[in-house]
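Coordinate analysis (summary)
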Amino acid sequence: MIGLRLIHRLATASVVLMLLCGPVRAQELGLRISASHSIQHDSNLFRLSPDSDPFTVLGRSSTSERLDISALRVQYKSQFSLQAVDLDLTLVEYDYQLYDRLDLLARNYDIRWNWAFTPRLRGTIRAERDSSVGSFDDAQAIASSNQRLRRSEMVDASYELDGAWRLLLAAQRTQNRFDQPQLGEDGTSVRSAEAGIRFDASSGSVASLRLRKGSGRTLATQTLAVSDTDDFEESEWLMNLRWQTSGKTVATASLVHVSRDHTQAPTRDFSGTSASISTSWEPSAKSLWTLRWSSELSAYSTIGSNTARTNRFALTYAWSIGPRTRLRLGLTESRLRLSNPPLGEALNPLRNTTRERSLGLQWEPTRNVAVEAALVNSRRLSNLADQRFSNLQASASVTLLY
């Protein structure tokens, strides 16, 4: 990784020179370059339970680790007539102090073409790649790399029927892969298409209803009852609402009904509903409260379960202390319960409750420099001893903008 560090330092030095010689801040359209470096300390990197002996598992008495993350990001925006292009390219280096097997050089991109044939017929063609080092919250092994890779290609279109109603069409291909086996979560590759309708009110409120049909395949599985790959068909009804209740309050709600049928393992079929509600309140120009509740049904393949329901509650507060300083506080609690065991299997008894508290501070000493610091304390309670853990994560970062 020494060569990569040198490349990053040269890139950072180039940005500094551009900051000194170039404009203070890039315009909305055109080229924008940023370089950042962050230092992260994790008190329990592998999320070992209190009953685990670190020396037996890791060969050392401490569970902590330091991670350096360096990033170089290039953004370009251009607009011509009704067309707009948005390129976002990022090179990220993850450098672990002790566990260098986890080191990763991620090459990520987000490329979008916002097209329009007429002012009433428009849409987006988009391609994304997001690679990162995953969390060890639910990893089943710690002896190898832990890369998570998500790729997505999508095209959508909307046609304005009148001033408020719009027809929606979309097609998408997504792929999720994990280096590490994840408890209950399999890698998947899915192709889908959807159609729907949306209503845009003059007040700013929006409501939509869509039907999505897709076919996919699991790329890996942690259960003995399913083969290494398993095809499935999936159908989803999605209803979304954004309600502009006042100039200072916005509420959103979503309701999703999903039905999945497996080809090779029909005992893994499931259906159910997920829902979420959130509200944001801005009592002043300097503060923002956000409250969110969700109940999500997801595939969770173990020998004793097909699905899991996660009920999550989150409260965040953002405060602009001054024109260049912002504070953020967060509280989150999520409860995981398993359900729908395969025919003939006993229900997996796993019941987890995870609580997280976060504190973040951002300071912009100049228009080209941003400094951030954050603390995140997380704790998982579980009826299974090996699923419990507590962790404190502290980080500090600096970003240079051009």
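Criteria and cut-off values
Residues numbered from 1 in each chain as written. Predicted model: local features only at pLDDT ≥ 70, side-chain atom pairs only at ≥ 80, totals over all residues. Heavy atoms only, no water. pLDDT = per-residue confidence, 0-100. Helix = DSSP H or I, 4+ residues; strand = E, 2+ residues; numbered from the N terminus. Contact = heavy atoms within 4.5 Å. Buried < 20%, exposed > 50% of the residue type's maximum accessible area, 1.4 Å probe, protein only. Pairing = 2+ DSSP bridges. Phe/Tyr/Trp six-rings, centres within 6.5 Å; stacked < 30°, edge-to-face > 60°. Lys NZ or Arg CZ within 6 Å of the ring centre and 35° of its normal. Patch = residues over 30% accessible without salt bridge, like charges linked within 9 Å, V, L, I, M, F, W, Y side chains within 5 Å. Areas by Shrake-Rupley, 256 points an atom, 1.4 Å probe, with all protein chains shown as cover. Salt bridge = Lys/Arg side-chain N within 4 Å of Asp/Glu carboxyl O. Core = buried A, V, L, I, M, F, W, Y, C linked by side-chain atoms within 4.5 Å.

Some words on the confidence of the model for the protein chain
The predicted coordinates should not be examined in detail at positions where pLDDT is low. Overall, the prediction assigns the protein chain a mean pLDDT of 88, with 90% of residues at 70 or greater. Of all the helices and strands in the protein chain, helix α1 (residues 2-21) carries the lowest mean pLDDT, 47, while strand β17 (residues 369-382) carries the highest, 97. Confidence over residues 17-27 falls short of pLDDT 50; this stretch has 20 contacts with residues more than four positions distant or in other chains. Here residues 222-227 scores under 50 on pLDDT; set against residues more than four positions off or in separate chains, the count is 13 contacts.

Observations regarding unusual backbone geometry
The phi torsion at arginine 47 lies on the positive side, around 55 degrees, for a residue other than glycine. Take arginine 47: it is sitting in the loop between β1 (30-42) and α2 (54-58). Taking the relative accessible area as the measure of exposure, arginine 47 reaches 13% and is therefore buried. You will see that asparagine 340, though not glycine, has its phi angle at about 55 degrees, which is positive. Checked against the element boundaries, asparagine 340 lands in the loop between β15 (325-339) and β16 (351-366). With a relative accessible area of 31%, asparagine 340 lands in the partly exposed category.

Digging into the pairing of β1
Summarising the sheet, β1 and strand β2 (residues 65-80) pair through 13 bridges and their orientation is antiparallel. Bridging across to β2, histidine 37 finds its partner in serine 70. Alignment of β1 against strand β18 (residues 389-401), held across nine bridges, turns out to be antiparallel. Its bridge partner being in β18, isoleucine 39 is matched across the sheet by alanine 396.

Quick word on the packing of aromatic side chains
For any pair of aromatic rings, geometry is given as the distance between the ring centres together with the angle between the planes. Evaluated as defined, the whole model comprises five aromatic pairs. Arranged with centres 5.0 Å apart and planes meeting at 45 degrees, the rings of tryptophan 115 and phenylalanine 117 form a pair that is tilted. When its relative accessible area of 10% is taken as the criterion, tryptophan 115 is described as buried. Owing to a relative accessible area of 64%, phenylalanine 117 belongs among the exposed residues under this scheme. When the ring centre of phenylalanine 232 is taken as origin, the NZ or CZ atom of arginine 260, which lies over that ring, is 4.0 Å away.

A few points about a nonpolar patch on the surface
A cluster of nonpolar side chains, Tyr159, Leu161, Trp165, Leu167, Ile197, Phe199, Leu209, Trp237, Met239 and Leu255, forms an exposed patch at the surface whose accessible area comes to about 870 Å². Looking at the nonpolar patch, the elements with two or more residues in it are β7 (165-178), β8 (188-200) and β10 (230-244). Summarising the element assignment, tyrosine 159 is placed in strand β6 (residues 147-160).

Some remarks on the pattern of salt bridges
Pairs can form between side chains of opposite charge once their charged atoms are near each other. Tallied over the full model, the rule gives 21 salt bridges. A salt bridge links arginine 260 to glutamate 234, with the shortest nitrogen-to-oxygen separation between them at 2.8 Å. Placement of arginine 260 in strand β11 (residues 249-262) and of glutamate 234 in strand β10 is noted, with a sequence separation of 26 residues between them. Exposure class is identical for arginine 260 and glutamate 234. Each is buried. One network of salt bridges, with partners in common, ties together Asp110, Arg126, Glu128 and Arg150.

Focus on the nonpolar core
Counting 17 residues, the largest nonpolar core has Leu45, Phe46, Val92, Tyr94, Tyr96, Tyr99 and Leu102 as its most contacted members. At the level of secondary structure, the elements contributing two or more residues to this core comprise β2, β3 (83-96) and β4 (104-116). Not counting residues up to four positions away in its chain, the partners in contact with tyrosine 94 are Leu67, Asp68, Ile69, Asp103, Leu104, Ala106, Ser131, Ser132 and Val133. Within the second largest apolar cluster, six residues are counted, among which are Tyr300, Ala308, Leu336 and Leu338.

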